[in-house]
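Listed here are the chains, written in short residue letters.
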Amino acid sequence: MARLRDIAKLIRTKNAGPFQLTLDIMFPDARSYQHVVASGVISKPAMARFFNVAESAVKLFNYAPGNAIKVTVPRLVPSGDPADTDLFGGQQFGPLVDIEVSDLS
Amino acid sequence: MTRQIRYLSPTGILGVGFSEDHFRAALSRDLAFIGCDAGSTDGGPANLGGNKPFFSRAAVKRDLRILIIGARSIDVPLLIGSCGGSGGNWNLNWMREIVQEIAREENLRFRIAVIESEPPREALIEKYRAGKVRALDPAPAIDEAVLRDADHVVAMMGAEAYVAALEGGADVVLAGRSTDAAIFAAVPVARGFPPGLCWHAAKIMECGGAAVVTMEKPEGMICTITDEHFTLEPVSPLQQCSPLSVAAHALYETADPYKMLEPGGEMDLTDAQYDAVDERRVRVRGSHFKPLPYTVKLEGAAKIGYRAMVLGGVRDPVILEQFDSWFGGLKAHIAENVEAIYGPSIRGRYDIHYKVYGSNGVLGAREPHPERIGNEIGLLMVTLAETQELAYSIAGQAAHMVLHHSVPQWEGLLSNLAFPIAPHFWNLGEAYKFVLNHVVELDHPLELHPIRYEEA
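Residues numbered from 1 in each chain as written. Chains lettered and ligands numbered in written order. Predicted model: local features only at pLDDT ≥ 70, side-chain atom pairs only at ≥ 80, totals over all residues. Heavy atoms only, no water.

## Concerning the overall build of chain A
Within chain A, the regular secondary structure consists of three helices and six strands. From first element to last, N terminus to C terminus, chain A shows the α and β order β-α-β-β-α-α-β-β-β. Over its C-alpha atoms chain A spans a radius of gyration of 14 Å, differing by no more than 12% from the 13 Å that the globule rule assigns to 105 residues. Considering only C-alpha atoms, chain A reaches an extent of 45 × 25 × 25 Å along its principal axes. Here the analysis covers contacts within chain A between residues at least 6 apart in sequence; of these, 60% occur between residues at least 24 apart. Within the structure as shown, chain A displays about 4,300 Å² of accessible surface, and the carbon and sulfur contribution to it stands at 51%. Positive and negative side-chain charges in chain A, numbering 11 and 10 respectively, have mean positions lying 5 Å apart. (Helix = DSSP H or I, 4+ residues; strand = E, 2+ residues; numbered from the N terminus. Rg over C-alpha atoms; globule rule 2.2 N^0.38 Å. Contact = heavy atoms within 4.5 Å. Areas by Shrake-Rupley, 256 points an atom, 1.4 Å probe, with all protein chains shown as cover. Lys, Arg positive; Asp, Glu negative; His and termini not counted. Charge placed at Lys NZ, Arg CZ, Asp CG, Glu CD.)

Here it is as structure tokens:
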């Protein structure tokens with residue numbers, strides 16, 4: 001099995017304004033992009049579990065023009081709130097880097 | 001010959017620094033303008049709420065001096081959006097004073113447009129009563145009191161304010177809070193280039209040279225728009241754009257990769273196509289813009305109290321192997337101690353936020369492996385209370401409680417925290433929160449954004 005980091009060229013999270021968090025996974029070409037999309041590891045239910053939000057709150061976009069998968073979720077607390085742990089939302093993708101994906105043949 | 005418009009974005013945010021040499025080399029008389037974004041909500045709500053600049057005066061002045069001298073040397077307008085970090089009136093005036101100071105020091109004469117973005121509260125409340133303030137998703141619940149009592153509320157202006165300021169003869173436009181893209185879309189759209197291309201390019205250009213393959217340090221970008229496409233080229237000869245790096249930046253900090261709302265319409269990037277021109281340049285085509293009723297987004301920050309903090313590290317393996325139970329007992333102990341000193345009425349009037357680095361300090365409740373603790377953990381405790389004195393006092397007590405909190409296996413007095421800073425707890429000042437994620441419908445684009453002019 002490969003890990004997501006072996007296939008993607010960029011995995012990141014960032015604030016999309018103070019109330020939302022957005023995840024970008026970018027691939028070097030259409031083939032690797034389509035492979036990960038088809039593998040289903042980045043699905044609405046999986047992302048709902050990952051970000052600890054309701055599935056109905058997950059926006060998931062397979063963005064073919066950029067060979068990218070984008071996921072946007074509401075922040076658990078707004079950016080900069082006392083309970084916030086990540087002001088810019090920049091490190092929330094961490095555990096996704098090593099999730100397993102079938103090898104790109 | 002195909003008509004075109006070119007412009008320069010020297011840096012992603014004013015005050016972060018950029019290479020003066022690359023900037024000068026990029027100056028050319030065929031530039032229509034130089035644009036620079038100076039703001040963000042990324043620093044949190046205190047920038048707007050507490051009248052704080054995003055970067056230091058010295059850093060902002062350094063960048064501004066280079067930009068003003070450069071723009072004046074080729075006689076093109078300099079457009080700066082979200083002045084002072086948040087674009088509030090205080091922040092805007094802070095930058096206006098710096099610009100005037102630079103003009104005096106450099107013996108330059110030019111016309112400044114100052115565009116405010118903090119609407120009178122009565123105007124906002126009137127809009128709210130008329131049902132013209134709409135929540136975005138997600139948004140906190142609001143009422144009139146939120147609009148009235150927030151420390152500062154700004155409305156993010158669109159492109160029209162920049163165009164009006166230039167029509168008023170401005171050489172340097174200092175805008176309050178603005179959408180980042182409006183700074184760069186204004187002139188190309190006004191000159192009749194396809195709005196889809198103009199807004200899409202602006203969305204990427206607002207970050208200066210950030211849409212490059214590898215950003216060693218922030219440098220600028222030049223954009224050339226024609227009726228068919230736009231082309232991006234980094235100003236640094238050492239940097240390259242690739243279709244991936246440019247597409248990645250179109251996605252950056254946006255909730256939806258296809259549709260992005262701006263005042264007066266929506267970018268639609270569904271048909272966008274990113275192609276390499278050569279090793280360094282990328283060409284984009286196929287972006288659209290759909291006009292919509294004119295709305296501007298509101299940002300608001302309200303004070304929620306004062307904070308103080310403690311930071312230390314735990315290295316005792318005996319504590320670490322039972323960290324959860326030890327830490328649970330500790331938190332209860334701190335609450336008891338605070339109540340013993342201030343009485344039961346203190347309950348609900350203060351908060352302590354604990355962040356445990358090395359366990360789940362970064363992901364919080366989302367951490368899938370909070371049990372994986374290494375050789376040490378870092379413990380950050382931030383207190384919040386209605387006065388600075390109370391927040392400070394509770395931080396001091398919490399520090400003391402952690403230090404001596406018992407460990408079942410040990411006897412005698414313990415010192416459980418290694419403090420890296422002396423004194424070991426300190427004041428953080430006012431705390432704010434964002435209270436709005438709403439748009440307001442306008443009757444005309446300049447309704448909330450008055451422009452005034454002054455000579456430098």
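Read on, since the account is not over.
## Focus on the environment of Thr226(B)
Residue and element names in this part refer to chain B. Structurally, the position occupied by Thr226 is in the loop between strand 8 (221-225) and strand 9 (230-234). We classify Thr226 as buried; its relative accessible area is 7%. Apart from residues lying up to four places away in sequence, Thr226 is in contact with Thr2, Arg3, Gln4, Phe193, Pro194 and Leu197. Polar contacts involving the side chain of Thr226 include one to the main-chain amide nitrogen of Glu228, which spans 3.0 Å. (Buried < 20%, exposed > 50% of the residue type's maximum accessible area, 1.4 Å probe, protein only. Polar contact = N/O pair within 3.5 Å; in protein donor to acceptor, adjacent residues only side chain to side chain.)

## Quick look at the nonpolar core
Counting residues in each nonpolar core, the largest one holds 57 residues, and the members touching the most others are Tyr7(B), Tyr162(B), Ile225(B), Phe230(B) and Leu232(B). Formed by 36 residues, the second largest nonpolar core is a distinct cluster that contains Leu8(B), Phe18(B), Leu31(B) and Ala38(B). (Core = buried A, V, L, I, M, F, W, Y, C linked by side-chain atoms within 4.5 Å.)

## Focus on the interface of chain B and chain A
Many descriptions give the size of an interface as the accessible area lost when the pieces come together. With 40 residues of chain B at the interface, the matching set in chain A holds 45 residues. Buried area between chain B and chain A, summed over both chains or domains, comes out near 3,400 Å², and the portion from carbon and sulfur atoms is 62%. Run the count over chain B and chain A and you get two salt bridges. For Asp42(B), the salt bridge goes to Lys14(A), with nearest N and O atoms at 2.4 Å. Counting across the chain B and chain A interface gives 16 residue pairs in polar contact (both at pLDDT 80 or more). Secondary-structure elements contributing two or more residues to the side of chain B that touches chain A are helix 10 (243-251), strand 16 (350-357) and strand 18 (425-434) of chain B. Considering each element in turn, the side of chain B that touches chain A owes the most residues, five residues, to helix 10 of chain B. (Buried area = accessible area lost by both parts, 1.4 Å probe. Salt bridge = Lys/Arg side-chain N within 4 Å of Asp/Glu carboxyl O.)

## Side note on the pairing of strand 7 (residues 172-175) of chain B
Residues in a regular strand project their side chains so that they alternate between the two faces of the sheet. All names here are of chain B. In strand 7, alternate side chains face the same way, and those of Val172 and Leu174 on one face and Val173 and Ala175 on the other are all buried. Summarising the sheet, strand 3 (residues 78-81) and strand 7 pair through three bridges and their orientation is parallel. Bridging from a neighbouring strand, Leu78 pairs with Val172 of strand 7. Relative to strand 7, strand 4 (residues 111-115) runs parallel, the two being bridged by four bridges. Bridged to Ile115 within strand 7 is Ala175. (Pairing = 2+ DSSP bridges.)

## Things to note about helix 5 (residues 121-129) of chain B
All names here are of chain B. All of the buried residues in helix 5 are Arg121, Leu124, Ile125 and Lys127. Buried residues of helix 5 fall within an arc of 155° about the axis and therefore sit on the same side. Counted as exposed and oriented over 90 degrees from the buried face of helix 5: Glu122, Glu126 and Arg129. On its buried face, helix 5 sits against strand 5 (133-135), helix 6 (144-149), strand 6 (152-155), strand 15 (295-314) and strand 19 (438-441). Positive backbone phi, approximately 75°, marks Gly131, located one or two places after helix 5. (Arc of directions from axis to C-beta.)

## Structural notes on the sheet that holds strand 10 (residues 259-262) of chain B
All names here are of chain B. Taken in spatial order, the three strands make up an open sheet running 10-11-14, and their pairing is antiparallel. Only two strands of the sheet have a single partner each, and these edge strands are strand 10 and strand 14 (288-291). For this sheet, the mean angle separating the axes of adjacent strands, direction not counted, is 25°. When strand 10 meets strand 11 (residues 265-268), the two strands line up antiparallel, connected through four bridges. (Axes fitted to C-alpha atoms, helices over the stretch in contact; angles between N-to-C directions.)

## Quick word on the packing of helix 8 (residues 180-190) of chain B against helix 9 (residues 195-205) of chain B
All names here are of chain B. It is at 8 Å that the axes of helix 8 and helix 9 come closest, and there the two elements cross at 150°. With respect to the hand of their crossing, helix 8 and helix 9 are arranged in right-handed fashion. Along its contact with helix 8, which presents Ala181, Ala182, Phe184, Ala185, Pro188 and Val189, the element helix 9 presents Pro195, Cys198, Trp199, Ala202, Lys203 and Met205. Of the residues belonging to the contact of helix 8 with helix 9, the class tally is 11 nonpolar, no polar and one charged. (Left-handed = near helix turned anticlockwise from the far one by under 90°. Nonpolar A, V, L, I, M, F, W, Y, C, P; charged D, E, K, R; others polar.)

## Brief notes about the packing of aromatic side chains
Any two aromatic rings considered together are summarised by their centre-to-centre distance and by the angle between their planes. One pass over the full model with this rule turns up 15 aromatic pairs over all chains. Here Phe61(A) and Tyr258(B) contribute two aromatic rings whose centre-to-centre distance is 6.4 Å and whose plane-to-plane angle is 65°, an arrangement assigned as edge-to-face. In this pair, Phe61(A) sits in strand 4 (residues 59-63) while Tyr258(B) sits in the loop between helix 10 and strand 10, so the two residues belong to two different chains. Through a chain of ring-to-ring contacts, three or more aromatic side chains come together here, namely Phe323(B), Trp326(B), Phe327(B) and Tyr354(B). Across the ring face of Phe193(B), the terminal group of Arg3(B) is positioned such that the distance to the ring centre comes to 4.0 Å. It is Arg62(B) that lies over the ring of Phe18(B); its NZ or CZ is 5.3 Å from the centre. (Phe/Tyr/Trp six-rings, centres within 6.5 Å; stacked < 30°, edge-to-face > 60°. Lys NZ or Arg CZ within 6 Å of the ring centre and 35° of its normal.)

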